[in-house]
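Each chain, letter by letter, is given below.
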Amino acid sequence: MGILLRIALRNLRLHWVRTLIVGFLLTVGTWLVVVGQGAIDAIHAGMQRSVVDTLSGHLQITSGAAKDDLELYQSAAIAVPDLGKIADFGKVKSVLQSVPEVDAVIPMGLGRSIVWGASSIETKLAELRRSINDGTSDKRPALIAHVRAILKSMTGDLDKLQKVASDTKETDAQKADLARANSDAFWQEFDKAPLDALEFLENRISPLGVQSGFYFFNYVGTDPGAFAKNFKLFRMQSGEMIPEGQRGFMFNSNYYERFVKHRTARRLDEIKEARELTGATIALDENLKRMVEHNKAQVSQITEQLDPVKADEVKVLLQKELGSTEGELSKLLVSFLAVDDDNFQRRYDFFYKEIAPRIRLYAYMVGDTISLYGQTKSGYPRAVNVKVWGVFRYEGLEKSGLAGVYNVMDLMSFRDLTGLSEPVSAEELASIKAQAKITDIPREKAEDELFGAGTEVVTAADNKTFDDLAGRDLAGMRKLAEAAQNAKFSQADLEAGPVVNIAVFLKGAQASAPGTSAAGDAPLAKATLIDAEQLEVSRLKVVDALKKAGFDMKVLPWSSAQGPLVGGLAAGISIFFYVIVGLIFFVAFIVILNSLLMATMERTQEIGTIRAMGAQRGYVIRMFAIEGAAMAVIFGGLGLGLGALTVIGLGASGVPATSEILFFIFGGRELHPLLDVGHLAVAFSVIVVVTLVSTLIPAIAAARIPPIAAMNAKE
Amino acid sequence: MGNGAGDAVVVLEAVTKDYPLGKTTVHAVRGVDIRLERGEFAVLAGPSGSGKTTVLNLIGCVDVATSGKVIIAGRDTKLLKESERTRLRLETLGFIFQSFNLIPVLDLYQNVEFPLLLRKDIDKAERKRRVLELVERVGLTGQMKQRPGELSGGQRQRVAIARALVTRPAIVLADEPTANLDSATGQSILELMRQMNRDGTTFLFSTHDPVVMAAARRVIRIADGKIADQGFGANPSAGAAAAHAH
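What counts, and where the lines are drawn
- Residues numbered from 1 in each chain as written.
- Chains lettered and ligands numbered in written order.
- Predicted model: local features only at pLDDT ≥ 70, side-chain atom pairs only at ≥ 80, totals over all residues.
- Heavy atoms only, no water.
- Helix = DSSP H or I, 4+ residues; strand = E, 2+ residues; numbered from the N terminus.
- Rg over C-alpha atoms; globule rule 2.2 N^0.38 Å.
- Buried < 20%, exposed > 50% of the residue type's maximum accessible area, 1.4 Å probe, protein only.
- Contact = heavy atoms within 4.5 Å.
- Areas by Shrake-Rupley, 256 points an atom, 1.4 Å probe, with all protein chains shown as cover.
- Buried area = accessible area lost by both parts, 1.4 Å probe.
- Salt bridge = Lys/Arg side-chain N within 4 Å of Asp/Glu carboxyl O.
- Polar contact = N/O pair within 3.5 Å; in protein donor to acceptor, adjacent residues only side chain to side chain.
- Nonpolar A, V, L, I, M, F, W, Y, C, P; charged D, E, K, R; others polar.
- Pairing = 2+ DSSP bridges.
- Axes fitted to C-alpha atoms, helices over the stretch in contact; angles between N-to-C directions.
- Arc of directions from axis to C-beta.
- Core = buried A, V, L, I, M, F, W, Y, C linked by side-chain atoms within 4.5 Å.
- Phe/Tyr/Trp six-rings, centres within 6.5 Å; stacked < 30°, edge-to-face > 60°.
- Parallel < 35°, antiparallel > 145°, perpendicular 65-115°, else oblique.
- Left-handed = near helix turned anticlockwise from the far one by under 90°.
- Expected span 1.5 Å × (residues − 1).
- pLDDT = per-residue confidence, 0-100.

*Asks:* Let's hear about the overall build of chain B: which residues, and what values?
*Replies:* Along chain B, the regular secondary structure elements total eight helices and 10 strands. Scaling as 2.2 N^0.38, a compact globule of 246 residues should have a C-alpha radius of gyration of about 18 Å, and chain B matches this with 18 Å. Its C-alpha atoms give chain B principal-axis dimensions of about 50 × 40 × 40 Å. Within chain B, the fraction of its 246 residues that count as buried is 55%. Here the contacts in chain B between residues at least 6 apart in sequence split such that 70% fall between residues at least 24 apart. When the accessible surface of chain B is summed, it comes to about 10200 Å², and 50% of that surface belongs to carbon and sulfur atoms.

Shown next as structure tokens:
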């Protein structure tokens with residue numbers, strides 16, 4: 001053995017170029033296995049955190065009668081799936097809580113609503129109403145001035161519209177309303193009966209305003225308190241939690257920033273993020289350039305939000321900031337928003353210090369009410385008004401679009417909006433039919449009905465005017481709506497009703513207490529995560545308990561519940577890694593094989609001599625195997641050492657997430673690869689197997705060299 | 001020693017060796033009978049292609065006869081498995097090669113020690129004793145740590161001799177041992193082998209070098225794969241051989 005090792009080491013030294021090439025490949029391969037596994041483990045942990053601790057819990061339960069599969073993230077992107085419903089959450093919850101492994105049970109329902117963006121007149125009128133309700137009169141003159149400025153521009157718009165309109169009768173009426181709202185007399189009367197005046201403005205004038213597009217709001221209808229307590233990464237960012245027993249809505253900060261924020265501010269944020277995260281520059285990055293151009297082109301998004309007083313203030317500030325004498329605000333804004341890499345940070349700060357406080361930075365703010373439109377399963381339209389209580393974020397995942405996909409709403413509003421509480425009633429269907437003027441026609445009469453004379457197929461549309469509002473108790477209706485919106489409920493109400501899906505947290509999986517601020521960035525020890533086997537054992541217990549209690553339910557692990565697209569991310573990364581590692585080792589395999597075969601040929605006489613002197617074939621094989629093993633130990637060891645150092649280093653410093661998707665994959669702002677003895681063992685086994693297998697063929701070839709080869713004189 | 005060979009270490013009986021060469025067959029050895037007694041210092045002589053190296057290979061158990069018997073140290077090599085022949089080589093035979101065939105990555109000491117390492121019955125102390133003794137006898141004690149590349153041709157062949165003898169083989173086979181050496185060095189190598197022979201080791205050379213033939217006590221002549229002359233008697237035809245070769 002000693003002499004074989006000596007021969008092996010001498011050979012390695014003698015053929016040092018070959019040794020270095022092979023050694024390099026083996027070192028890099030081993031390094032990659034150690035680092036890659038550390039990273040992949042951390043990614044699996046990160047993704048588990050991103051999914052489990054924001055949306056899914058460890059298990060997701062849906063009705064056994066669900067027609068579609070639960071795919072948490074696809075639901076938000078494509079269509080809300082038909083998951084049926086779990087009729088009595090409370091009963092299922094008590095069954096689940098009887099399973100010792102179950103830690104928490106959270107009711108859920110996923111939904112999406114269209115929300116029409118408020119026009120500027122609507123927004124300002126809502127602010128005016130708030131100031132009247134609050135009794136804060138100091139802001140009122142500026143608000144009124146702003147409203148009147150908007151009314152003026154609306155008159156111009158209506159004139160343009162009238163020129164192309166077919167029904168001038170309608171526009172005439174609208175013009176008359178606008179003229180009234182624009183009159184000084186109207187505003188002189190305003191203070192006497194402000195609510196009546198507002199009622200007129202909101203019902204007659206607001207509909208004439210140009211709505212600022214629409215939003216799709218995805219939401220989880222849930223028990224907000226239980227949600228916040230159990231989803232470990234949940235943090236309030238602004239405003240407050242929906243109080244227990246109350247209805248309401250909370251924005252996800254990521255969604256709020258991306259979709260609800262003022263576009264100009266959002267673009268500035270995006271430019272800032274790109275510069276900070278990826279080091280992109282406005283000068284070179286086409287996308288950033290485009291954002292700057294958009295901002296310059298859309299200064300009206302700022303100007304129309306400024307009342308005359310604020311517009312003047314901003315003008316003066318901008319003149320000073322830009323050293324300009326330009327008198328027109330929009331031109332000043334265009335030059336101000338023409339940012340470059342040199343002035344970006346200064347102008348960004350200026351924007352947030354001086355302009356942002358004077359505009360409405362978000363389309364919906366804490367305290368606003370949102371009208372969410374939805375429909376029941378049978379297509380019956382529903383709407384609920386919900387108050388925005390606050391904005392929450394997921395620690396570390398603030399920049400992840402995937403984590404930001406769902407907002408949170410109270411379960412009671414969710415039930416109302418989706419008609420979850422009631423069975424699809426005959427009444428409801430009848431009402432839909434009546435609205436659509438559908439009548440049941442016997443088959444034999446269908447032709448008559450369609451083509452027969454005397455039947456009025458088309459009823460004249462009701463020729464209603466806005467006067468039909470007259471005589472209605474608008475203030476009373478408003479109060480009713482507000483009462484519904486503010487209706488309180490008990491925890492028992494919440495728990496006794498139906499839900500769509502249920503999130504279950506298991507015990508022993510979360511090491512850090514919920515709400516600790518460390519959770520977001522701290523490297524995740526493997527122990528804090530539930531492993532797949534433990535999860536499956538617990539899942540089966542849950543399945544069993546539900547079945548025994550007579551419930552037909554689907555119980556999905558988080559990894560399935562997330563849906564194949566997101567699940568595919570981690571799998572894709574793993575596959576990519578294994579392909580790279582496979583390629584490196586394949587190249588190493590070929591190089592070792594090739595170089596040792598060449599060495600075998602070079603050493604034919606030497607091997608023949610050894611055989612002639614009485615060495616058995618096995619001895620020659622061992623000679624080669626030891627050479628391979630020596631390479632594996634030396635370079636594998638080097639790779640292991642370097643890999644371990646890299647993982648420890650990266651584990652300590654963290655690999656920063658530089659793109660939106662990476663935040664989700666990393667489960668936070670940084671990825672902290674984990675060093676695991678298992679990884680080292682795997683990496684070492686891989687390298688030993690690769691070298692030994694690649695040594696085997698040359699070794700067998702060498703062992704076949706006949707001793708007579710020693711006799712063939714070469715020198 | 002069985003097979004009725006008496007004190008013979010090598011017995012060849014009607015040995016033939018054919019090689020296929022394309023579509024034809026080369027009859028390298030055609031019915032050779034040789035008997036080599038213990039302590040002989042013999043030469044297989046003949047021109048290139050006469051079959052002397054083939055005969056040497058058959059005796060060295062690195063090649064197998066097509067027909068006839070090759071009995072080495074009383075064992076019929078044809079009846080042995082490959083691994084048994086290997087073992088026979090290890091225990092009974094020593095080789096000295098024309099181009100020395102030392103292992104380049106090992107130093108002088110390690111090269112001499114190498115065959116002993118293939119045997120499990122010799123402990124480290126005994127190995128050291130034998131190696132040092134032989135290295136001293138071949139006069140290379142001062143070069144113990146040098147590698148083959150650092151030695152002259154003559155020194156290398158001395159190392160090869162020491163290596164061939166270190167297992168105390170019944171017979172040492174030397175294939176053209178002086179062919180790659182100048183005549184003075186060749187002489188000294190020959191002298192060294194003769195000394196070893198006097199101590200009881202049997203030597204068989206293949207050569208066409210008249211100097212070597214002159215030194216041998218018996219010259220077996222081979223021509224066209226057959227024995228031309230068994231060469232019994234003390235150098236009966238040494239002079240003639242010299243004249244013939246040159």
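*Asks:* An account of unusual backbone geometry is requested, with residue identities and associated values reported.
*Replies:* Residues and elements named next belong to chain B. Phi at Cys61 is positive, roughly 60 degrees, even though this residue is not glycine. When you line up the elements, Cys61 lands in the loop between α1 (52-59) and β4 (67-72). Judged by its relative accessible area of 2%, Cys61 falls in the buried class. One non-glycine residue, Phe100, lies in the positive phi region at around 65 degrees. Among the structural elements, Phe100 can be located in the loop between β6 (93-96) and α3 (108-117). By relative accessible area, Phe100 is classed as buried at 4%.

*Asks:* Would you mind going over the interface of chain A and chain B in detail, with residue names and values included?
*Replies:* Between chain A and chain B, the contact holds 25 residues from the first and 29 residues from the second. Of the roughly 2500 Å² buried between chain A and chain B on both sides combined, carbon and sulfur atoms contribute 61%. Counting every contact that joins chain A to chain B gives one salt bridge. A salt bridge links B:Glu82 to A:Arg611; the nearest nitrogen and oxygen atoms lie 2.8 Å apart. There are nine residue pairs in polar contact (both at pLDDT 80 or more) connecting chain A and chain B. At the level of secondary structure, the elements contributing two or more residues to the side of chain A that touches chain B comprise α1 (2-14), α26 (604-612) and α27 (617-653) of chain A. Considered class by class, the residues forming the side of chain A that touches chain B number 13 nonpolar, five polar and seven charged.

*Asks:* I'd like to hear about the sheet that holds strand β5 (residues 75-76) of chain B, residue by residue, with values.
*Replies:* All names here are of chain B. The sheet built from four strands is open, its strands ordered β2-β1-β4-β5 with antiparallel pairing. With partners counted over all chains shown, the strands left at the sheet margins are β2 (24-37) and β5, one partner each. Note: strand β1 (residues 8-21) against β2, 11 bridges, orientation antiparallel. If you follow Val15 over to β2, its bridge partner there is Val32.

*Asks:* Tell me about the pattern of salt bridges, and name the residues and values.
*Replies:* Where charged atoms from two side chains of opposite charge come close, those side chains can pair. Residue and element names in this part refer to chain A. The full count for this structure, using the stated rule, is 52 salt bridges over all chains. Across the pair Asp544 and Lys548 runs a salt bridge, and its minimum N-O distance is 3.4 Å. Of this pair, Asp544 and Lys548 both sit in helix α23 (residues 532-548), four residues apart, which is roughly one turn of the helix. Taking relative accessible area as the criterion, Lys548 reaches 70% and is therefore assigned exposed.

*Asks:* Give a description of the sheet that holds strand β9 (residues 218-223) of chain B that names residues and reports values.
*Replies:* All names here are of chain B. On the basis of which strands lie adjacent, the open sheet formed by six strands has the order β6-β7-β8-β3-β9-β10 and mixed pairing. Looking at which strands have only one partner, the edges of the open sheet turn out to be β6 and β10 (226-229). Averaged over all neighbouring strand pairs, the angle between strand axes comes to 25 degrees, with direction disregarded. Relative to strand β8 (residues 202-207), strand β7 (residues 171-175) is paired through five bridges, and the arrangement is parallel. Looking at β8, one finds that Ala174 is bridged to Phe205.

*Asks:* Give me the lowdown on helix α16 (residues 329-337) of chain A, citing residues and values where you can.
*Replies:* Residue and element names in this part refer to chain A. For α16, the set of buried residues is Leu329, Leu332, Leu333, Phe336 and Leu337. Viewed along the axis of α16, the buried residues span an arc of 125 degrees, placing them on a single side of the element. Contact partners of the buried residues in α16: α12 (263-278), α13 (286-297), α14 (300-303), α15 (308-322) and α17 (344-355).

*Asks:* So what's going on with the nonpolar core? Residues and values would help.
*Replies:* By size, the foremost hydrophobic cluster in this structure holds 122 residues, and its most contacted members are A:Ile61, A:Phe217, A:Phe251, A:Ile370, A:Leu372 and A:Ile502. If near-sequence neighbours (up to four positions away) are discounted, A:Ile61 is found in contact with A:Ile86, A:Leu96, A:Val500, A:Asn501, A:Ile502, A:Val504, A:Val542, A:Leu546, A:Met553, A:Lys554 and A:Val555. Formed by 40 residues, the second largest nonpolar core is a distinct cluster that contains B:Phe41, B:Ala45, B:Leu181 and B:Met196.

*Asks:* Go over the packing of aromatic side chains with me, naming the residues and quoting the values.
*Replies:* Residue and element names in this part refer to chain A. On inspection of all chains with the given rule, the structure shows 30 aromatic pairs over all chains. Centre to centre, the rings of Phe217 and Tyr255 are 5.6 Å apart; their planes meet at 85 degrees, and the pair counts as edge-to-face. Residue Phe217 is found in strand β3 (residues 214-222), and its partner Tyr255 is found in helix α11 (residues 253-260); the two are separated by 38 residues along the sequence. For Tyr255, a relative accessible area of 5% translates into the label buried. Look at Phe336 and Phe350: their rings are 5.2 Å apart centre to centre, the planes differ by 55 degrees, and that puts the pair in the tilted class.

*Asks:* If you had to explain the environment of A:Lys353 to someone new, which residues and values would you point to?
*Replies:* Here A:Lys353 is to be found in helix α17. Among the polar contacts listed, one links the side chain of A:Lys353 to the side chain of A:Glu354, at a separation of 3.1 Å.

*Asks:* Outline the side chain of B:Asn101, supporting the account with residue identities and numerical values.
*Replies:* Its place among the elements puts B:Asn101 in the loop between β6 and α3. Separated by 3.1 Å, the side chains of B:Asn101 and A:Gln605 make a polar contact. Leave out the neighbours within four places in its chain, and B:Asn101 touches A:Gln605, A:Thr609, A:Ala710 and B:Arg163.

*Asks:* Tell me about the packing of α3(B) against helix α5 (residues 153-165) of chain B, and please be specific about residues and values.
*Replies:* Residues and elements named next belong to chain B. For the pair α3 and α5, interaxial distance at closest approach is 7 Å and the crossing angle is 30 degrees. Classified by the angle between their axes, α3 and α5 sit roughly parallel to one another. Of the two possible hands of crossing, α3 and α5 adopt the one that is right-handed. Counted together, Leu108, Asn111, Val112 and Pro115 of α3 and Val159, Ala162 and Arg163 of α5 form the full contact between these two elements.

*Asks:* Describe helix α4 (residues 124-137) of chain B, and please don't skip the residues or the numbers.
*Replies:* Residue and element names in this part refer to chain B. Relative to the 20 Å expected for 14 residues at 1.5 Å per residue, α4 spans 20 Å between its end C-alpha atoms, a close match to the ideal helical length. Buried residues of α4: Arg127, Arg130, Val131, Leu134 and Val135, and no others. Projected down its long axis, α4 carries its buried residues within an arc of 125 degrees, all on one side. Counted as exposed and oriented over 90 degrees from the buried face of α4: Ala125 and Glu136. On its buried side, α4 packs onto α3, α5 and α6 (183-198).

*Asks:* Residues and numbers for the packing of α1(A) against α27(A), please.
*Replies:* All names here are of chain A. Interhelical geometry of α1 versus α27 gives an angle of 60 degrees and a closest axis separation of 9 Å. Judged by the angle between their axes, α1 and α27 are oblique. Our pair here, α1 against α27, has a crossing hand that is right-handed. Residue-level contacts link Ile3, Leu4, Leu5, Ile7, Ala8, Leu9, Asn11 and Leu12 of α1 to Tyr619, Arg622, Met623, Ile626, Glu627, Ala630, Met631 and Ile634 of α27. Residues that form the contact of α1 with α27 fall into these classes: 13 nonpolar, one polar and two charged.

*Asks:* An account of the confidence of the model for chain A is requested, with residue identities and associated values reported.
*Replies:* All names here are of chain A. Looking at chain A as a whole, the pLDDT averages 83, with 87% of positions reaching at least 70. For chain A, per-element mean pLDDT is lowest for helix α20 (residues 446-451), which scores 59, and highest for strand β5 (residues 249-252), which scores 96. Long-range and interchain partners of residues 510-528, a stretch whose pLDDT sits below 50, account for 40 contacts in this model, where long-range means more than four residues apart.

*Asks:* Explain the confidence of the model for chain B residue by residue, including any values.
*Replies:* All names here are of chain B. Within chain B, residue pLDDT values average 86, and 91% of them lie at 70 or more. Here helix α8 (residues 238-245) stands out as the element of chain B with the lowest mean pLDDT, 38, in contrast to β4, whose mean of 94 is the highest. The low-confidence segment residues 1-5, where pLDDT is below 50, has 10 contacts with residues more than four positions distant or belonging to other chains. In the model, residues 234-246 has pLDDT below 50 throughout and makes 17 contacts with residues more than four positions away in sequence or in other chains. Model confidence for the complex: the whole-complex pTM is 0.73, and ipTM, which rates the interface, is 0.89.

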